[in-house]
Amino acid sequence: VISSFDVAALAAIVGSGNVEHRAALAARDPGVDQENLGADVRVRPADTAEVAAVLRYCNERGIPVVPHGGRTGLSGGARSHRGGIVLSVERLDAIESLDPLSRTAVVGAGVTLARLAEAAGAHALSVGTDLGARDSATLGGMVSTNAGGIGAFRHGTVRERVLGLEAVLADGSIVSELGRVLKRNEGYGVERLLIGAEGTLGVITRVSLALVAADGPGATALVAVDSLVQAVSVADRLRRSTNATAIELMSGNHAAAVCRSLGYTDLAPMAAHPWLLLLEVGADDATAAESALVGFLEPLLEDATVADAAIAQNASQRDAMWRVREDWAVDRERPGGLWFDVSVPLSELSHYVDVVQTRVSAHDPTLGVYIIGHLGDGNLHVTINAPTPITERYATIAPLVTEGLAECGGSWSAEHGIGIEKKSTLERLAGATKQRLMRALKDVYDPNGILNPGKVVPG
Ligand code: LAC
Ligand code: ZN
């Protein structure tokens, strides 16, 4: 437990109004993970200098520091405990520059994705990254986890959007590499190691991002197909013939659970097919977008590549289609499931899913397998559950999902980070040299091990 002496010292840095104690934290929404706000205190520094002073103090005192953005992470990377502090970047919330000519933005780590998207939209630009948690997720957190999301098949993951960043290391020293140009080779990319490091190497305070041209108005379709081979073919043809802006995937049992839960009787018949796709295209105006989608789907319906299709006629139909993709009805129906976040090359995807389904039912036929994902880039979220919770079966079930991924060029950790939940998988699957280098780098950036201890870095 942190002493009152420490709390007073932290309050002297950030102001007592920006130190929250356990009682206040208990009343606050912890975010996705119930253990996010388990620390003794949460401090909210105003700027990079205050972040540096907090870290310098905690480093000297050996106090664990868990950096927080929007608390939407899904791998436990933001969990905090007694004896440590949470360092929230929420007050680092300035959009410092937005330069339409060079298509760049420099923002504080606490700026939410939705806010930057709106500011960029005013210049007909876009962040190039979008995800369901856009209203809460912060750019600092998204860089720290190298978030992926809906647009990654076009514009890469957040790593590919980052031009530069500023961060504070454990001892309070500042690395500031905030260039706003794409081509920049000035020695080792020491700051870039913080992308995807989930706050274990430093606290990101500012980010310089490359923006992209905004898409025109979109049209949205929900499409049913009878096999994953067909789903992948539809995705490929859509990308070749239209300005595809979203290519999302749902297994029929996932979609059926959402339709049951939310009473979507209109969409329920489509969920009887094994796979559904949510497709969006952008065009100069809404009419052009819709006719592009209609023109794309008609021949596919005729040659039976697509079993059924519906195009959203208004915003509420579009929202319903997105809910079929993003709602977590499966977890409400059968809580205590396990979920996995993998990437598979599109040419291998159908075979991979067949093998996983076969392996899981051979292991235990009472297990259910539900899949959603970002089909455009082959990122699948696999939920495995049963009528009763199976949380404690992670170690035996995880290999059923991860086996063969490396061999086919896929990944056992796609877009949700390692946090605490995938650390055992990292220790199991990452090569010895990589694990040694990770530990060595951790020692260089954070020799006292105060930054997000217990996360990511193999033991
Ligand atoms: C999704 C998030 C959770 O794809 O990654 O729904
Ligand atoms: Zn996702």
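Refer to the structure presented above.
This text gives an overview of the structure that appears in the document. (Residues numbered from 1 in each chain as written. Chains lettered and ligands numbered in written order. Predicted model: local features only at pLDDT ≥ 70, side-chain atom pairs only at ≥ 80, totals over all residues. Heavy atoms only, no water.)

**Quick look at the sheet that holds strand S10 (residues 203-210)**
Stage number 1. Here five strands make up an open sheet; going across it, the order is S5-S6-S10-S8-S9 and the pairing antiparallel. Unpaired on one side and paired on the other, strand S5 (95-99) and strand S9 (174-177) mark the two borders of the sheet. Taken over all neighbouring pairs, the strand axes of this sheet differ in orientation by 10° on average, direction set aside.
Stage number 2. Here strand S8 (residues 162-168) runs beside S10; their pairing, made up of six bridges, is antiparallel. In the sheet register, leucine 165 faces S10, and the bridge partner there is valine 207.
Stage number 3. Sheet strands in contact with helix H4 (residues 113-121) are S5, strand S6 (104-108) and S10, and its direction is about 35° off that of S5. (Pairing = 2+ DSSP bridges. Helix = DSSP H or I, 4+ residues; strand = E, 2+ residues; numbered from the N terminus. Axes fitted to C-alpha atoms, helices over the stretch in contact; angles between N-to-C directions. Contact = heavy atoms within 4.5 Å.)

**So, helix H8 (residues 228-241)**
Stage number 1. Spanning 14 residues, H8 covers 20 Å between terminal C-alpha atoms, matching the ideal 20 Å at 1.5 Å per step.
Stage number 2. The set of residues buried in H8 consists of Leu228, Ala231, Val232, Val234, Ala235 and Leu238. Projected onto a plane normal to the axis of H8, the buried residues spread over an arc of 155° and lie on a single side. Of the exposed residues in H8, those oriented more than 90 degrees away from the buried face are Val229, Arg240 and Ser241.
Stage number 3. Elements that come into contact with the buried residues of H8 comprise strand S12 (218-225), strand S13 (244-251), strand S14 (275-282), helix H10 (286-302) and helix H13 (349-363).
Stage number 4. N-capping of H8 is provided by serine 227, with a side-chain oxygen placed 3.5 Å from the backbone N of valine 229. (Expected span 1.5 Å × (residues − 1). Buried < 20%, exposed > 50% of the residue type's maximum accessible area, 1.4 Å probe, protein only. Arc of directions from axis to C-beta. Polar contact = N/O pair within 3.5 Å; in protein donor to acceptor, adjacent residues only side chain to side chain.)

**Focus on the coordination of the zinc ion (ligand 2)**
Stage number 1. The protein atoms that coordinate the zinc ion (ligand 2) are His374 (NE2), His381 (NE2) and Glu415 (OE), at distances spanning 1.9 to 2.1 Å.
Stage number 2. Here the donor residues of the zinc ion (ligand 2) are spaced in sequence according to H-x6-H-x33-E. Taken as a pair, histidine 374 in strand S17 (residues 368-374) and glutamate 415 in the loop between helix H14 (394-402) and helix H15 (423-429) lie far apart in primary sequence, 41 residues in all.
Stage number 3. For glutamate 415, a relative accessible area of 10% translates into the label buried. (Donors = N, O, S within 2.8 Å, 3.2 Å for Na, K, Ca; no water.)

**Overview of the site of ligand 1**
Stage number 1. Taken together, the residues surrounding ligand 1 are Leu74, Arg325, Trp339, His374, His381, Glu415 and His416.
Stage number 2. Within the side chain of histidine 381, a nitrogen or oxygen atom sits 3.1 Å from an oxygen atom of ligand 1.
Stage number 3. Here glutamate 415 contributes a side-chain N or O atom positioned 2.9 Å from an oxygen atom of ligand 1. (Near = heavy atom within 4 Å.)

**Let's talk about the sheet that holds strand S2 (residues 41-43)**
Stage number 1. As summarised here, the arrangement of the four strands in space is S1-S2-S4-S3, forming an open sheet in which the pairing is mixed. Since the sheet does not close on itself, it has two edges, and those belong to strand S1 (19-21) and strand S3 (65-68), each with one partner. Across the sheet, the mean angle from the axis of one strand to that of its neighbour is 25°, orientation sign disregarded.
Stage number 2. In the sheet, S2 pairs with strand S4 (residues 85-88) via three bridges, with the strands oriented parallel. The residue of S4 that forms the bridge with valine 41 is isoleucine 85.
Stage number 3. Contacting S1, S2 and S4, helix H1 (residues 4-14) crosses the sheet at an angle of about 145° to S1.
Stage number 4. Helix-sheet contacts for helix H3 (residues 48-61) involve S2, S3 and S4, and the interaxial angle to S4 is about 165°.

**Section: the nonpolar core**
Stage number 1. Core analysis: the largest hydrophobic core is formed by 55 residues, its most contacted members being Leu249, Leu277, Phe340, Tyr352, Leu375, Leu380 and Ile384.
Stage number 2. For this core, the element with the highest residue contribution is H8, accounting for six residues.
Stage number 3. Residues contacting phenylalanine 340, with those up to four places away along its chain left out, are Leu380, His381, Val382, Ile384, Tyr394, Ile397, Ala398 and Val401.
Stage number 4. If you look at the next biggest cluster of nonpolar residues, it comprises 29 residues, including Leu125, Ala167, Ala197 and Leu209. (Core = buried A, V, L, I, M, F, W, Y, C linked by side-chain atoms within 4.5 Å.)

**Concerning a nonpolar patch on the surface**
Stage number 1. The grouping of Leu193, Leu437 and Leu441 at the surface amounts to a nonpolar patch, some 230 Å² of accessible area in total.
Stage number 2. Relative to the helices and strands, leucine 441 resides in helix H16 (residues 432-445).
Stage number 3. In this structure leucine 441 comes out as partly exposed when scored by relative accessible area, which is 33%. (Patch = residues over 30% accessible without salt bridge, like charges linked within 9 Å, V, L, I, M, F, W, Y side chains within 5 Å. Areas by Shrake-Rupley, 256 points an atom, 1.4 Å probe, with all protein chains shown as cover. Salt bridge = Lys/Arg side-chain N within 4 Å of Asp/Glu carboxyl O.)

**Some details on the pattern of salt bridges**
Stage number 1. Scanning all chains against the criterion turns up 26 salt bridges.
Stage number 2. Notably, a salt bridge pairs arginine 61 with aspartate 6, separated by 2.8 Å at the nearest N-O pair. Taken together, the residues span a long stretch of sequence, with arginine 61 in helix H3 and aspartate 6 in helix H1 at a distance of 55 residues.
Stage number 3. Accessibility expressed as a relative area gives 5% for aspartate 6, which makes it buried.
Stage number 4. One salt bridge in this structure joins glutamate 177 and arginine 184, with 3.1 Å as the shortest N-O distance.
Stage number 5. Under the relative-accessibility criterion, glutamate 177 is labelled partly exposed at 23%.
Stage number 6. For arginine 184, a relative accessible area of 24% gives the class partly exposed.
Stage number 7. What you see here is one network of salt bridges that share partners, running through Glu20, Arg28, Arg42, Arg44 and Glu90.

**Quick notes on the side chain of arginine 334**
Stage number 1. Structurally, arginine 334 is set in the loop between helix H12 (329-333) and strand S16 (338-343).
Stage number 2. Although buried, arginine 334 forms no salt bridge, and the nearest oppositely charged side chain, glutamate 333, lies 6.0 Å from it.
Stage number 3. A polar atom in the side chain of arginine 334 sits 3.2 Å from the side chain of asparagine 385. (Lys, Arg positive; Asp, Glu negative; His and termini not counted.)

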